[in-house]
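# A look at the structure
One letter stands for each residue in the lines below.
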Amino acid sequence: MRVLIVGSGGREHALAWALSASPLLTKLWVAPGNPGTALVAENVNIATLDTDRLVQFAREHDVDLVVPGPEAPLVAGLTDAMAQAGIRCFGPTAAAAQLEGSKAFTKQLCDEAGIPTARWERFTDPDEADAFIRRRGAPIVVKADGLAAGKGVVVAITLEEAEAAVHDMMRDARFGAASSVIVIEECLTGPEVSLFALCDGTDALFLGAAQDHKRIHDGDTGPNTGGMGAFSPVPGFDPAPAMDAFIRPALVEMARRETPFRGILFAGLILTPAGPRLIEYNVRFGDPECQTLLPLLASDLLPALVAACDGDLAHCTLEWRDGASVAITMAAPGYPSAPVAGSNVGDLAPAAATPGALVFQAGTRLEAGHLIAEGGRVLTIVGTAQTLPTARETAYAAAAKVPWREGYYRRDIAAQNYGE
Ligand code: AMP
């Protein structure tokens, strides 16, 4: 099979690493990729949102399967465009990607399908939103309806913060059209779990569960980031009832609406004292959750992705390795607000040679043979082992071998679960 991955982050490096191990693979490209993906595939210089060129490339190179990593090309209709060209694309159509593209769409679907979620209201008028906030009181959560690069959610502790969020999103149009509609919802408390399922429109297979660490600093302090680390499995979390409560009813409802969901459905859950509640759906793998989940998958990923595209998951099973994995993000200094590019990452071979460790690249570039930090999140270091504590030790031992002095990473990823 000839496969084209779309994206350039650590998630796409992990996908390329997993697919490159498939005996069914004959050729693998990544568009645009990074120096890490170039180690296991051929990079193609096409941007993730350049749908026309991606379709043209896939056509000219007889690609059998396209695997988009990020949500933006899916929401923009990459799967639809590939389908028109007769090319299999692993991911939802633009209509089905609304599960990530619009919070209000998701909340309405939850209500119709009986999926437990925070109580909510949708607003197009800031005065009405403010009045609602004053009636309900704080804490309360204000969300931009559309895609806002992970920055569209404000968990407001005070009324003033909530009203400031409404002002920012609606009156100042901080996220443009994405925040002309907002959702205001009840504030939930409890640990968060990310649940992943492989979906073919009708059937779903469990694809792992992880916990991630969104804040920049140890102890979950400082601003939110794209993700500073993740681990899997999540101790005490039982995926089977969660698949029945949060994945299968969504598939049934999407099929009933004639927009069947194919691809990865990622349910972000809060485990409240009253039971798990859905915070959001994403329509793709998380980053860095992907890097933590794929090393635990014992089965060949490639036929599973094809089966999901072809509506054939009923005949597919996935085997998992025993044990656990921990992923640590290494970021450029100044991340997330003002990452400083240009420092020398150095030789990753000693870290990658650590038994049980994997090194995935994200914001890197090669310059005269040197690996240079270019983006905010630069590397993901993954440790896998029989237990979570030893996976964590493996990941940190490997991270310590990365020569990049400017690289920043948290020291407490996966720590809280065994009372460190
Ligand atoms: P989202 O972009 O929807 O994943 O939201 C970002 C983060 O905001 C989540 O990971 C939660 O930590 C938090 N969050 C979202 N919705 C709620 C809610 N209803 N109650 C409390 N926290 C929330």
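Look up: the structure comes first, before these words.
Report on the accompanying structure. Computed from a prediction, not measured in an experiment: that's the story for all the values here.

### Here's the deal with the packing of aromatic side chains
Enumeration according to the criterion identifies seven aromatic pairs in this entry. Note on F196 and F266: the rings are 4.4 Å apart at their centroids and 45° apart in plane angle, and the pair reads as tilted. Placement of F196 in strand β9 (residues 192-200) and of F266 in strand β12 (residues 262-272) is noted, with a sequence separation of 70 residues between them. Taking the relative accessible area as the measure of exposure, F196 reaches 0% and is therefore buried. Relative to F285, the ring of F196 has its centre 5.7 Å away and its plane inclined at 40°; by these criteria the two rings are tilted. Remark: F285 occurs in the loop between β13 (275-282) and α10 (289-293) and F196 occurs in strand β9; sequence separation between them is 89 residues.

### Points about the layout of surface pockets
Over the atoms rolls a probe the size of a water molecule, and its path tells where empty space is left. Approximately 210 Å³ is the volume attributed to the second largest pocket. Contributing elements (two or more residues each) for the lining of the second largest pocket: α1 (10-20), α12 (349-352) and β15 (357-361). Split by residue class, the lining of the second largest pocket holds ten nonpolar, two polar and one charged.

### Focus on the sheet that holds β13
Strand order in the open sheet made by the eight strands is β13-β12-β9-β10-β11-β14-β18-β15, with antiparallel pairing throughout. For this open sheet the edge positions go to β13 and β15, each flanked by a neighbour on one side alone. Ignoring strand direction, the axes of neighbouring strands in this sheet form an average angle of 30°. As defined by bridge partners, strand β14 (residues 324-331) adjoins strand β18 (residues 377-385) across eight bridges and the pair is classed as antiparallel. Bridging from a neighbouring strand, S325 pairs with T384 of β18. Contacts from helix α11 (residues 301-309) reach β9 and β12 within the one sheet, and its direction differs from that of β9 by about 70°. In this fold helix α13 (residues 388-400) packs onto β11 (221-232), β14, β15 and β18, with an angle of close to 140° to the strand it touches most, β18.

### A few points about the packing of helix α7 (residues 126-136) against helix α8 (residues 159-171)
Geometrically, a packed helix pair is captured by the angle between its two axes and the distance between the axes. Orientation of α7 relative to α8, taken along the N-to-C sense of each, is 165°, at an axis distance of 10 Å. If you check the angle between α7 and α8, you find them roughly antiparallel. Relative to α8, the crossing made by α7 is right-handed. Between α7 and α8, the contacting residues are P126, D127, A129, D130, I133 and R134 on the first element and L159, A162, E163, V166, M170 and R171 on the second.

### Details of the sheet that holds strand β3 (residues 42-43)
Spatially, β3-β2-β1-β4 is the arrangement adopted by the four strands of the open sheet, whose pairing is parallel. Looking at the sheet topology across the chains shown, the edges are occupied by β3 and β4 (65-68). As defined by bridge partners, strand β1 (residues 2-7) adjoins β4 across four bridges and the pair is classed as parallel. Note on β4: the bridge partner recorded for I5 is V67. Sheet strands touched by α1: β1, β2 (27-32) and β4. Its angle to β1, the strand with the most contacts, is close to 165°. Docked against the sheet, α11 engages β1 and β4, running at close to 95° with respect to β4.

Calculation notes
- Residues numbered from 1 in each chain as written.
- Predicted model: local features only at pLDDT ≥ 70, side-chain atom pairs only at ≥ 80, totals over all residues.
- Heavy atoms only, no water.
- Phe/Tyr/Trp six-rings, centres within 6.5 Å; stacked < 30°, edge-to-face > 60°.
- Helix = DSSP H or I, 4+ residues; strand = E, 2+ residues; numbered from the N terminus.
- Buried < 20%, exposed > 50% of the residue type's maximum accessible area, 1.4 Å probe, protein only.
- 1 Å grid on protein atoms, 1.4 Å probe; cavity = no way out; pocket = protein on both sides within 12 Å on 5 of 7 lines; lining within 4 Å.
- Points joined across faces, edges and corners; volume = space filled by probe spheres on them.
- Nonpolar A, V, L, I, M, F, W, Y, C, P; charged D, E, K, R; others polar.
- Pairing = 2+ DSSP bridges.
- Axes fitted to C-alpha atoms, helices over the stretch in contact; angles between N-to-C directions.
- Contact = heavy atoms within 4.5 Å.
- Parallel < 35°, antiparallel > 145°, perpendicular 65-115°, else oblique.
- Left-handed = near helix turned anticlockwise from the far one by under 90°.

Function cannot be read off these values alone, since they describe shape.
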